[in-house]
Amino acid sequence: MKRLMLSASYSGYKVTKPRKGASFKVPAATSLYNKTTVFPRFEKREIPSISPELARLKEQIEDGKKLSVEEYLESSHFKFKEGLGQQSLDSLKEALLLLHPRTRPLVAVDCEAYEHGHNKITEIGIAILKPQSTTVSQIKAIHIIIKEHLHKRNSKYVPDNKDKFLHATSYIMKEKDAISTLKLVLDKYITAQDGVLVGHSISSEIKYFKSLGIELLPTVKMLDTLKLHKLGRSNGGSLGGCLKLLGLPCSYLHNAGNDAYYTLLVALSYCDPVVRIQKNLDIYSSSEFTEKYPHDKNTAFVKVDDISLLDL
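As the structure is a prediction and not an experimental result, all values here were calculated from the model.

Draft legend 1. Fine view of the packing of aromatic side chains. For the structure shown, the criterion picks out three aromatic pairs. Ring plane angle 75 degrees and centroid distance 5.2 Å describe the contact between Tyr 72 and Phe 78, whose orientation is recorded as edge-to-face. Residue Tyr 72 shares its accessibility class with Phe 78, and that shared class is buried. When its relative accessible area of 13% is taken as the criterion, Phe 78 is described as buried.

Draft legend 2. Structural detail: the pattern of salt bridges. On inspection of all chains with the given rule, the structure shows eight salt bridges. Note that Arg 104 and Asp 194 form a salt bridge whose closest N and O atoms lie 3.3 Å from each other. Separated by 90 residues along the polypeptide, Arg 104 in the loop between helix H3 (85–99) and strand E3 (106–114) and Asp 194 in the loop between helix H4 (175–191) and strand E7 (196–199) bring together distant segments of the chain. In this structure, the salt-bridge partner of Lys 176 is Asp 177, at a minimum N-O distance of 3.4 Å. According to the relative accessible area criterion, Lys 176 is exposed, its value standing at 53%.

Draft legend 3. Region of the structure containing helix H5 (residues 202–211). Regarding H5, the residues found buried are Ile 202, Glu 205, Tyr 208 and Phe 209. Viewed along the axis of H5, the buried residues span an arc of 110 degrees, placing them on a single side of the element. On the buried face of H5, the contacting elements are E3, strand E4 (117–129), H4, E7 and strand E8 (221–224). Immediately beyond the C-terminal end of H5, within one or two residues, lies Gly 213, with a positive phi of roughly 85 degrees.

Draft legend 4. Looking closely at the packing of helix H6 (residues 225–232) against helix H8 (residues 256–270). Taken N-terminus to C-terminus, the directions of H6 and H8 make an angle of 40 degrees; their axes are 10 Å apart at the nearest point. As judged from the angle between their axes, H6 and H8 are oblique. Crossing hand, H6 versus H8: left-handed. In this structure, H6 uses Thr 225, Leu 228 and His 229 to contact H8, whose residues at the interface are Thr 263, Val 266, Ala 267 and Tyr 270.

Draft legend 5. Molecular detail of empty space enclosed by the protein. What the rule picks out here adds up to two cavities of 30 Å³ or more. Taken as a whole, the largest cavity spans an internal volume of roughly 60 Å³. Taken together, the residues of the lining of the largest cavity break down into two nonpolar, four polar and six charged. Volume-wise, the second largest cavity comes out at about 30 Å³. Along the walls of the second largest cavity sit Leu 228, His 229, Gly 232, Arg 233, Leu 245, Tyr 270, Arg 276 and Leu 281, which together make up its complete lining. By residue number, the principal contributor to the lining of the second largest cavity is H6, which donates three residues. Tallied by class, the residues present in the lining of the second largest cavity amount to four nonpolar, two polar and two charged.

Draft legend 6. Region of the structure containing the packing of helix H7 (residues 239–246) against H8. It is the contact of H7 with H8, at a shortest axis distance of 10 Å, that shows an interaxial angle of 45 degrees. When the axis of H7 is compared with that of H8, the two are oblique. Regarding H7 and H8, the two cross each other, and that crossing is left-handed. In this structure, H7 uses Leu 239, Cys 242, Leu 243, Leu 245 and Leu 246 to contact H8, whose residues at the interface are Asp 259, Tyr 262, Thr 263, Val 266, Ser 269 and Tyr 270.

Draft legend 7. Region of interest: a nonpolar patch on the surface. Together, Val 302, Val 304 and Ile 307 make up an exposed nonpolar region whose accessible area comes to about 270 Å². Relative to the elements of secondary structure, Val 304 occurs in the segment after helix H9 (273–278).

Draft legend 8. Main features of the layout of surface pockets. Considering only enclosed or pocket space, the largest pocket measures out at about 1300 Å³ in volume. Taken together, 29 residues line the largest pocket, and the ones lying closest to its centre are Arg 45, Gln 278, Lys 279, Asn 280 and Asp 311. If you tally residues by element for the lining of the largest pocket, the top one is helix H1 (residues 52–62), at three residues. The residue inventory of the lining of the largest pocket, partitioned by class, reads 11 nonpolar, seven polar and 11 charged.

Draft legend 9. View of the sheet that holds E3. Reading across from one edge, E6-E5-E4-E3-E7-E8 is the order of the six strands in this open sheet, with mixed pairing throughout. The open sheet terminates on both sides in strands that have one partner only, identified here as strand E6 (170–173) and E8. Across the sheet, the mean angle separating the axes of adjacent strands is 30 degrees when strand polarity is ignored. Inspection of the sheet shows strand E5 (residues 139–146) paired to E6 by four bridges, in the parallel sense. Note on E6: the bridge partner recorded for His 143 is Ser 170. Strand contacts of H5: E3, E4, E7 and E8, with the helix running at about 70 degrees to E3, the strand carrying the most contacts. Along the sheet face, H6 touches E7 and E8 and points at about 50 degrees away from the line of E8.

Conventions adopted
- Residues numbered from 1 in each chain as written.
- Predicted model: local features only at pLDDT ≥ 70, side-chain atom pairs only at ≥ 80, totals over all residues.
- Heavy atoms only, no water.
- Phe/Tyr/Trp six-rings, centres within 6.5 Å; stacked < 30°, edge-to-face > 60°.
- Buried < 20%, exposed > 50% of the residue type's maximum accessible area, 1.4 Å probe, protein only.
- Salt bridge = Lys/Arg side-chain N within 4 Å of Asp/Glu carboxyl O.
- Helix = DSSP H or I, 4+ residues; strand = E, 2+ residues; numbered from the N terminus.
- Arc of directions from axis to C-beta.
- Contact = heavy atoms within 4.5 Å.
- Axes fitted to C-alpha atoms, helices over the stretch in contact; angles between N-to-C directions.
- Parallel < 35°, antiparallel > 145°, perpendicular 65-115°, else oblique.
- Left-handed = near helix turned anticlockwise from the far one by under 90°.
- 1 Å grid on protein atoms, 1.4 Å probe; cavity = no way out; pocket = protein on both sides within 12 Å on 5 of 7 lines; lining within 4 Å.
- Points joined across faces, edges and corners; volume = space filled by probe spheres on them.
- Nonpolar A, V, L, I, M, F, W, Y, C, P; charged D, E, K, R; others polar.
- Patch = residues over 30% accessible without salt bridge, like charges linked within 9 Å, V, L, I, M, F, W, Y side chains within 5 Å.
- Areas by Shrake-Rupley, 256 points an atom, 1.4 Å probe, with all protein chains shown as cover.
- Pairing = 2+ DSSP bridges.

Function cannot be inferred from these measures alone, as they are strictly geometric.
In structure tokens form, the structure reads like this:
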């Protein structure tokens, strides 16, 4: 079977045919590891001590019993940052009530700017979740590349993933058309349907909006996933750190379309009482995921000698 190898070029795609008779080699197992003895041994992570009330909620979830938002918020298991307990609980309650019950559309937005001139927005990512009842969230992700800044590439401070949108087609359009598209989405889902605008450090996106000439009404409902993260963790607040903490796999961060999609997943997770109970997000502590998300790396291998240690 022949395969066309495509190398992206904004003036079109350069198509390169493989050499006649060429075949694809599957790397030998030894290219990943040499001997099983070099693997570190798997050890079960130590579980922190929890309150009797939190243990009860965990057991309730394990038994398959429902946990309503009201029951969750009335619980006494919360252990937020000292001195900010009630304030943190109020902030969490406000966020949860924006998403429960699911009667409003959610729109996550992420903007990427040129690292050598933040006034030049290179990408806009939009992720839309309508208030529909589905087993798997049907999120529509959109990736816009600004034509005027097409060849401005980041690399020094953030990776260049402009070409690596994971969800479909990237739309290259003039800045004025990108602004019109963003306004159309905001008018349709936020203004007309009383939707919720979601962002990771949403103040940054609002600044980008203003630079594009978009002013949001003060009545717009907003949800900031970074602020939600900080209710339960003192560090590790990058989008990648949040995804790692939640156990959500990802790839090609710093692509605006991908980031908008992942931000929406983080929002849904941080506003889910079951996830918060399972991940101990209501106990203020430091996060073990302090580095950048190690996406696009080889899988880590550990040797399992005792399967009873696995958390299955």
